[in-house]
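Residue-level listing of the chains:
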Amino acid sequence: MTVYFIGAGPGAADLVTVRGLRVLERAPVCLYAGSLVPRELLEACPAEARLVDTANLTLDQIVAEFEAAHAAGHDVARLHSGDPSVFSAVAEQMRRLDGIGVPYEVVPGVPAFAAAAAALGRELTVPGVGQTVVLTRVSGRATPMPPGEDLATLGASGATMVLHLAVQRIDQVVEELLPSYGAGCPVAVVARASRDDELILRGTLSDIAARVHEAGVKRTAVIVVGRVLSASEFPDSHLYSATRPRP
């Protein structure tokens, strides 16, 4: 028996990996993250599978489901939105499984920031413009940020910044990033990336907050800040250069 933590992707059902889909098709138990996971994926589960929405469950209740499946010898497909490696609350579940001796495996998925970049038609690492991407969030109702991971500190380098779970605090984001990036720095907010109701807002640090408030975007959005969003003059990558030595 194994618990499979599967990245369901950013929203579109066809962005789940082939590996993840194959696990879903055979797992007798599926725990999924409520409205964040497309219903179409649940249709891939066996007809007799136990489907459990974890949206209103506590960690203890989720672990109890794992334990019951383990006792019955049933694999579990544990669906998380995006990719389990960032902002997924998978670490605490794996820690519990380690403690009770239940095996698990992680199946990667398409992260929200990748879907946002695709929606924007932008590469986040552009030669000569930006080669570093910071993935972060802000303090709020969630766990406080560790010391040294505030936006002012992280933004000092001017690197491309992608913020999850932060659109409700867009005014705070703007205030803390203005000193490092400047009012004219390009910003994009992608809400519900890859879904049918995807929404893209473009602007700068000077006006993006007003655009977000006007559009009423309050959740399921990614904020991208950085010069790569508007870069048009930059050197070609060395990867395909005619001067690059080839075998």
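Residues numbered from 1 in each chain as written. Predicted model: local features only at pLDDT ≥ 70, side-chain atom pairs only at ≥ 80, totals over all residues. Heavy atoms only, no water.

### Notes on a nonpolar patch on the surface
Part 1 of the argument: A surface patch of nonpolar side chains, about 340 Å² in accessible area, is lined by Phe87, Val133, Leu135 and Leu165.
Part 2 of the argument: Along the chain, the position of Leu135 falls in strand β6 (residues 133-136). (Patch = residues over 30% accessible without salt bridge, like charges linked within 9 Å, V, L, I, M, F, W, Y side chains within 5 Å. Areas by Shrake-Rupley, 256 points an atom, 1.4 Å probe, with all protein chains shown as cover. Salt bridge = Lys/Arg side-chain N within 4 Å of Asp/Glu carboxyl O. Helix = DSSP H or I, 4+ residues; strand = E, 2+ residues; numbered from the N terminus.)

### Remarks on the sheet that holds strand β1 (residues 3-7)
Part 1 of the argument: Overall, parallel pairing links the five strands, which are arranged β3-β2-β4-β1-β5 in an open sheet. The strands lining the two open edges of the sheet, one partner per strand, are β3 (50-53) and β5 (104-107). Strand-to-strand twist across the sheet, computed as the mean angle between neighbouring axes with direction ignored, equals 20 degrees.
Part 2 of the argument: As paired elements, strand β2 (residues 29-32) and strand β4 (residues 76-80) share four bridges and run parallel to each other. The residue of β4 that forms the bridge with Tyr32 is Leu79.
Part 3 of the argument: Contacting β1, β4 and β5, helix α4 (residues 90-100) runs over the sheet at an angle of about 170 degrees to β1. (Pairing = 2+ DSSP bridges. Axes fitted to C-alpha atoms, helices over the stretch in contact; angles between N-to-C directions. Contact = heavy atoms within 4.5 Å.)

### Let's talk about the environment of Ala116
Part 1 of the argument: The residue Ala116 is located in helix α5 (residues 112-120) in this model.
Part 2 of the argument: Those residues in contact with Ala116 that sit more than four places away from it in its chain are Val190, Ala193 and Val222.

### A few points about α5
Part 1 of the argument: Those residues of α5 not exposed but buried are Ala115, Ala116, Ala117 and Leu120.
Part 2 of the argument: Buried residues in α5 make contact with β8 (186-191), β9 (199-204) and β10 (221-225).
Part 3 of the argument: Two residues or fewer after α5 comes Gly121, characterised by a positive phi angle close to 65 degrees. (Buried < 20%, exposed > 50% of the residue type's maximum accessible area, 1.4 Å probe, protein only.)

### Digging into the domain arrangement of the chain
Part 1 of the argument: Here the chain is partitioned into domain 1 (3-107) and domain 2 (112-230).
Part 2 of the argument: Taken together, the contact pairs eight residues of domain 1 with eleven residues of domain 2.
Part 3 of the argument: For the domain 1 and domain 2 pair, buried surface summed over both sides reaches about 760 Å², with 64% attributable to carbon and sulfur atoms.
Part 4 of the argument: It is Pro10, Leu36 and Phe87 that lose the most area in domain 1 upon contact with domain 2, and together they represent 63% of the buried surface on that side.
Part 5 of the argument: Linking domain 1 with domain 2 are zero salt bridges.
Part 6 of the argument: Taken together, domain 1 and domain 2 are joined by one residue pair in polar contact (both at pLDDT 80 or more).
Part 7 of the argument: Looking at side-chain class alone, the side of domain 1 that touches domain 2 contains six nonpolar, two polar and no charged residues. (Domains from an automatic or database assignment. Buried area = accessible area lost by both parts, 1.4 Å probe. Polar contact = N/O pair within 3.5 Å; in protein donor to acceptor, adjacent residues only side chain to side chain. Nonpolar A, V, L, I, M, F, W, Y, C, P; charged D, E, K, R; others polar.)

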